[in-house]
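Letter by letter, the chains look like this.
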Amino acid sequence: MTDTTILTASKISKTFKQKEVLRDLDFNLSENQIVAICGTNGSGKSVFMRVLAGLVLPDNGSVTIFGTTLDRKNEFPVNTGVHFDNSGLLLTETARNNLLLLAMVSNTISKERIDEVIRLVGLEPMDKRPVRTYSTGMRQRLGIAQALMEDPKLLMLDEPTTGLDFAGQDWFHDLIHELQNQGKTILITSHSKEEIAKFCDQAYEMAGGQLRRI
Amino acid sequence: MMIKPTANFSNTFISELKRATRSRGFIIALLLGMLLLGLGLNYASHYPEEKSFVDQWYLAYNHSFYFQMLPLIACFPFADSLSSDRKQGYLERLAVRQTFKKVMSAKFIANAFAGALAAILPLLLLYAFTTLTNQNPINHPALNTVDGRPYEMQELVHLFQNSPDLFILLVAGVVFFIGALFATLGMASTLLVNHRFVALSLPFLLASLLQYFANRAKLIPWYLAPSEVLLTPNFSPSHAFETTNEMPRLFILPASLLLISLAIIVLFGKRQQVLENSLLPQKKSAHPLDLTKLIPARLQNFPIKESRLQRGSKWGNYFRTQLNIHIRPVQIIVIVVMMAVLSGVMLGWMKLQLPQVFTAEAGNAPPNTWDLYFRTIGDPWAMALVTANLFLFMVSNLQPQTAFGQLSIKRLGARWRSWLAHLGFLLLAAIAYGLLIFIVIHLTGRLLGLPFSTQWSVMRLSFEHINLVGYLVDPPNHALVFATVFGMSTLGFFSMSLLVLLINTLTQRRLIGYFIVEILLISSLPLASIFLNLPPFFQYVPIIRNLVMRFYPFVLRNLDQTYTSIYTWLIWLIVLLPLTWLAYRKQDYLSHPDAD
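If you're wondering where the values come from, they're calculated on a predicted model, not measured in any experiment. (Residues numbered from 1 in each chain as written. Chains lettered and ligands numbered in written order. Predicted model: local features only at pLDDT ≥ 70, side-chain atom pairs only at ≥ 80, totals over all residues.)

Assigned secondary structure in chain A consists of 6 helices and 10 strands. Its C-alpha atoms put chain A at 45 × 40 × 40 Å along the principal axes. The 214 residues of chain A split such that 46% are buried. Put simply, 69% of the contacts in chain A that link residues at least 6 apart link residues at least 24 apart. (Helix = DSSP H or I, 4+ residues; strand = E, 2+ residues; numbered from the N terminus. Buried ≥ 20, exposed ≤ 12 C-beta atoms within 10 Å, placed from the backbone. Contact = placed C-beta atoms within 7 Å.)

Put into structure tokens, the structure is as follows:
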């Protein structure tokens, strides 16, 4: 396995309402690894993931992904799929329509790919029920599907197993190993140290606005 | 182990009262009240110099539109505290030291007292000021004007003429009492929707609606208008209050407000409901009335075109997704129904005011659908409370971005592109909304018996009844008038929606922008009158002046002021466009729940 760095976060700081959530944080991510970040509620895991995804602008520091530094010109990383704690779904639409609307913006995805990725996460593309009727686990699966849709090289998944039952968690672990075998790099966050110990190549703990390797 | 409550009621009440009267909201309310009365006093200075202190006081009271702003003044000090205390967990700290009933009683009584105090203090200051500075004798005939003195309630007239100090204290006392009721309603309403802006805006919106329907549209009894209960002189020619035995009816509105507040407190203010909610603020309420479940699926979304996949530009497709997400069939149905009802009401009103033009005397130029259009779109109250209100509410959900919106923007690649798409969306929505209501009003008029016509009707001679000005109906050209009226309102809708967008982006809350702009819009109704004697620039500051052609006391608009409102909106845009751009560029997309 080659150890090529694809993501570098350097001296990241972010303060919300006088609370310093991230403090001079440095982080590197190597290609084709599964890396996890764990931490307590409010420790800043999700904010850090959002900084990496370009959704939150850091007060200081820089993020470079696949050789491109995020700035005014390149606000969001390319070749990166993201999934956050809220699944990012329109509840009155069907699963397929949700992905269709996002695919329209991406402008690179075919109908067949949408159906394929919905099946990949164990859902049915022709299901006419609105997402409102889905269980939390089904919504999580669909959220992961939208992250996979563009076949990105890097996946950033924020607490992807929340709401999944035991079978669903096993399915997820198999899925990310399969994705790793396909050459993808995966960064996930979780509450549970036990869970990440099962499948991660590296793990970090977020505390005091900084990351510590565990 | 349960902690035994140790504090007594009076301690809790005094502590809450101190919080209320030392709050920023209390100071704001006092300043707002004094500012309004100051403007009213300025207005009163244009009345004859012989006016006595009581004339001066009563004129300032009436022309400050205190009756309309009272709900805001009363709710500012403390009405939102129940909501913020629940969210911050302070209520729980109180509830372990005192029985829950006593905590709630202390909060509600302190709030009522603080609201009432904020309402009455500026009036008492005005009383002191006019008494000390005005030594004129009372009852000078020069002030026998309809809007200068009470004239319909004999008891009031008697009191005004014989015991002016008592008259002032009576009116101030009524303001004190009604202020307490509005403050109570504001606080109680947060038991229904736990949001501080509901406390500030709901009583104000309710009072404005009651004022409109009772005093202007006359669709509900006159005694439900806050202005009647607050003892202002009545401007209405068809007012029915002539005999003293109708006086008890003035207690109906206060009693209703009290009963509504009590009902909300009893039904929704139980310990379990209030404290559990505060412990679990993120928990989705199992509300029995889930509208999304009542609306058929086909009315919830327009179909999505699969053919757009892998075609066109990213921005163009993003723009289309915004249309798909934010414009829904059910919204269009709501607009059509509400505008049809509003046009029906306006037509009924036209027939009531000018029955002769709807008879055979109108000859070959009977009222037509254009008349109804100009009447409806040009009515300031209908504009503030229904037409513009509906539009602002419908477009208020662009910001903050939902989780889905954030994923879309990431795929779009730049925040400024999202800003541009939202601008385009709001402009298109404003134009489409203007055209839709144009069509709905014409069709409603046709259904109700008015003909379509390209000619001016007999209403041209009574142009004030179709909310137009004289020079606009002089050349027989509907297109020019339509372009002017449509341009004013459409630019106004667009500009106001940009302000909503800006506030929502900065606060990261959806309804705040809508509430603030709607309050500004409704407040502009009295402000327009208050600003009557200010220089022309200030006269066009109140929003409503730039949405409609005619508005009391601006019954005329000079020829050189035809396009002043359009220039005003352009100034709004020059300010708001860069501000919204900056707000978008610096925006952090934080976690928001999935949205329907």
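A few words now on the interface of chain B and chain A. Facing the 36 residues of chain B at the interface are 36 residues of chain A. Breaking the side of chain B that touches chain A down by element, the ones donating at least two residues are helix 15 (297-300), helix 16 (314-326) and helix 20 (403-412) of chain B. In terms of residue count, helix 20 of chain B provides more of the side of chain B that touches chain A than any other element does, 8 residues in total. A breakdown of the residues in the side of chain B that touches chain A according to their chemical character gives 13 nonpolar, 12 polar and 11 charged. (Nonpolar A, V, L, I, M, F, W, Y, C, P; charged D, E, K, R; others polar.)

What follows concerns the confidence of the model for chain B. Residues and elements named next belong to chain B. The share of residues in chain B with pLDDT of 70 or more is 89%, and the mean pLDDT across the chain is 84. In this model, residues 235-244 is a region of pLDDT below 50 whose contacts with residues beyond four sequence positions or in other chains number 15 contacts. The ipTM for the predicted assembly is 0.92, set against a pTM of 0.75. (pLDDT = per-residue confidence, 0-100.)

All names here are of chain B. Of all hydrophobic cores here, the largest spans 224 residues; its most connected members are Leu70, Ala116, Val175 and Ile544. No other element matches the 16 residues that helix 7 (residues 100-133) contributes to this core. Sequence-distant contacts of Leu70, defined by excluding residues within four places in its chain, comprise Ala119, Val175, Ile178, Gly179, Phe182 and Leu230. (Core = buried A, V, L, I, M, F, W, Y, C linked by C-beta atoms within 7 Å.)

Residue and element names in this part refer to chain A. One open sheet accounts for 6 strands, arranged 6-7-8-3-9-10; its pairing is mixed. Two strands bound the open sheet, and with one partner strand each, they are strand 6 (80-83) and strand 10 (210-213). Taken over all neighbouring pairs, the strand axes of this sheet differ in orientation by 20° on average, direction set aside. Where strand 3 (residues 34-38) meets strand 8 (residues 185-190), 5 bridges bridge the pair, whose relative direction is parallel. Residue pairing across strands places Ala36 opposite Ile188, the latter belonging to strand 8. The sheet contacts of helix 5 (residues 166-181) involve strand 3, strand 7 (154-158) and strand 8, and relative to strand 8 the element is tilted by about 155°. (Pairing = 2+ DSSP bridges. Axes fitted to C-alpha atoms, helices over the stretch in contact; angles between N-to-C directions.)

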